[in-house]
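Letter by letter, the chains look like this.
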Amino acid sequence: MKSICVYCGANAGVDSRYAEQARALGAALVEQNLSLVYGGGNVGLMGIIADEVLRLGGEATGVIPSALVEKEVGHTGLTRQFIVKDMHERKAMMAQLSDGFIAMPGGMGTLEELFEMLTWSQLGFHAKPVGLLNVDGFYNHLVQFIAHASAQGFIRPQHAALMMVEDSPQKLIERLREPRPENVSKWTR
C-alpha cells in the first residue's frame, strides 16, 4: 500500500475536532509513508489535510475538475495536481491512483464518493479497502442505517463489512493494511 485516497468536506464543519482529525490523519499518512490522493482543493478539510501532509514532508496528489480551478479553489502547492474535465474523470483517476480509501466527515460529495467505492468493491471492480473515519460519532447514524439496510435484506452482511469504521486515524490505517479476502461476489447468497 503506497497511497490512500481521502474523501472529505470542502468545508471544515462547525466543530474544531474535524480539522484536528484531518491533521491527525495527514500526520498518520506521513508516518506510515503513505501518499495522499484527494480532490485537489485548498478549502475546508481538503485543504487542511493536504497542508498537513505537505508540512510534514509527505506527498499530496490532487485531482480537480477545471471548473473548480476556475473558481479558485484548487490547491497550488501540491506534489502533483491533475486537472481533469469533470467529476466523473476526477473520481476515476482518484480511484486509479489509490490503494485504499478513507472518508472523513463531509457532505453529499463525500458520501457519493464513499458509496461509489463501496459499490465498486461489492461488484468486484476493485479489491481495495474502504474505511470511514468516524470523528466524534459523525457517522454513527450512517453506520446504523447500513446495519438496518442489512437487517432488512438490502445489503448482504459481507458487503456491509466492506466499510471499515474506526474513530482513530492510526487504527483505521492499520485495518486498511490488513489482508483482505478476495472479491466478494455480489451474486453469492
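Residues numbered from 1 in each chain as written. Predicted model: local features only at pLDDT ≥ 70, side-chain atom pairs only at ≥ 80, totals over all residues. Heavy atoms only, no water.

A. Up close: the pairing of strand S1 (residues 3–7). Summarising burial for S1: 5 of the 5 residues are buried, a large majority. Taking every second residue as pointing to the same face, both faces of S1 are buried, with Ser3, Cys5 and Tyr7 on one and Ile4 and Val6 on the other. With 3 bridges joining them, S1 and strand S2 (residues 35–38) adopt parallel strand pairing. The residue bridging Ile4 from the neighbouring strand is Leu36, located in S2. (Buried < 20%, exposed > 50% of the residue type's maximum accessible area, 1.4 Å probe, protein only. Helix = DSSP H or I, 4+ residues; strand = E, 2+ residues; numbered from the N terminus. Pairing = 2+ DSSP bridges.)

B. Region of the structure containing the sheet that holds strand S5 (residues 101–103). Reading across the sheet, the 7 strands line up as S4-S3-S2-S1-S5-S6-S7 and stay open at both edges, with parallel pairing between neighbours. Both edges of this open sheet fall to strand S4 (80–84) and strand S7 (163–166), since each of them pairs with a single strand only. In this sheet, adjacent strand axes meet at a mean angle of 25 degrees when their direction is disregarded. Here 3 bridges tie S2 to strand S3 (residues 60–65), and the two strands are oriented parallel to one another. Bridge pairing in S3 places Leu36 opposite Ala60. Along the sheet, helix H4 (residues 87–97) makes contact with S1, S2, S3, S4 and S5, crossing S3 at roughly 160 degrees. (Axes fitted to C-alpha atoms, helices over the stretch in contact; angles between N-to-C directions. Contact = heavy atoms within 4.5 Å.)

C. The packing of helix H1 (residues 16–31) against helix H8 (residues 169–177), seen in detail. At a closest axis distance of 9 Å, the pairing of H1 and H8 adopts a crossing angle of 45 degrees. Judged by the angle between their axes, H1 and H8 are oblique. Between H1 and H8 lies a crossing of right-handed hand. Where H1 abuts H8, its residues Gln21, Ala24, Leu25, Ala28 and Leu29 lie against Pro169, Gln170 and Ile173. Within the contact of H1 with H8, the residues separate by chemical class into 6 nonpolar, 2 polar and no charged. (Parallel < 35°, antiparallel > 145°, perpendicular 65-115°, else oblique. Left-handed = near helix turned anticlockwise from the far one by under 90°. Nonpolar A, V, L, I, M, F, W, Y, C, P; charged D, E, K, R; others polar.)

D. Representation of the pattern of salt bridges. Enumeration over the complete set of coordinates arrives at 7 salt bridges. The closest approach of N and O atoms between Arg17 and Asp136, which form a salt bridge, is 3.3 Å. Of this pair, Arg17 sits in helix H1 while Asp136 sits in the loop between strand S6 (130–133) and helix H6 (140–151), placing them 119 residues apart in sequence. Its relative accessible area of 29% is what places Arg17 among the partly exposed residues. Its salt-bridge partner being Glu166, residue Arg175 comes within 3.1 Å of it at the nearest N-O pair. (Salt bridge = Lys/Arg side-chain N within 4 Å of Asp/Glu carboxyl O.)

E. Focus on the packing of aromatic side chains. In the structure shown here, the tally under the stated rule is 3 aromatic pairs. Consider the rings of Tyr7 and Phe101, whose centres lie 6.1 Å apart with planes at 5 degrees: the pair is stacked. Pair noted here: Tyr7 is in strand S1 and Phe101 is in strand S5, with a separation of 94 residues, a long-range link. Both residues of the pair, Tyr7 and Phe101, count as buried. When the ring of Tyr18 is compared with that of Phe138, the centres are 5.6 Å apart and the planes differ by 80 degrees; the resulting orientation is edge-to-face. (Phe/Tyr/Trp six-rings, centres within 6.5 Å; stacked < 30°, edge-to-face > 60°.)

F. Local environment of the side chain of Arg90. Looking at the element boundaries, Arg90 is found in helix H4. Salt bridges are absent for the buried Arg90, whose nearest opposite-charge side chain, Glu113, sits at 4.6 Å. One polar contact links the side chain of Arg90 to the main-chain carbonyl oxygen of Gly39, over a distance of 2.4 Å. There is a polar contact of 2.8 Å between the side chain of Arg90 and the backbone oxygen of Val63. Once residues within four sequence positions are removed from consideration, Arg90 is found in contact with Gly39, Gly40, Met46, Val63, Ile64, Pro65, Leu68 and Val84. (Lys, Arg positive; Asp, Glu negative; His and termini not counted. Polar contact = N/O pair within 3.5 Å; in protein donor to acceptor, adjacent residues only side chain to side chain.)

G. Geometry of the pairing of S3. The element S3 is extensively covered by neighbouring structure, given that 6 of its 6 residues are classed as buried. Read as a crossover between parallel neighbours, the route from S2 over helix H2 (residues 44–55) to S3 is right-handed. (Right-handed = clockwise from strand over helix to strand, strands pointing away.)

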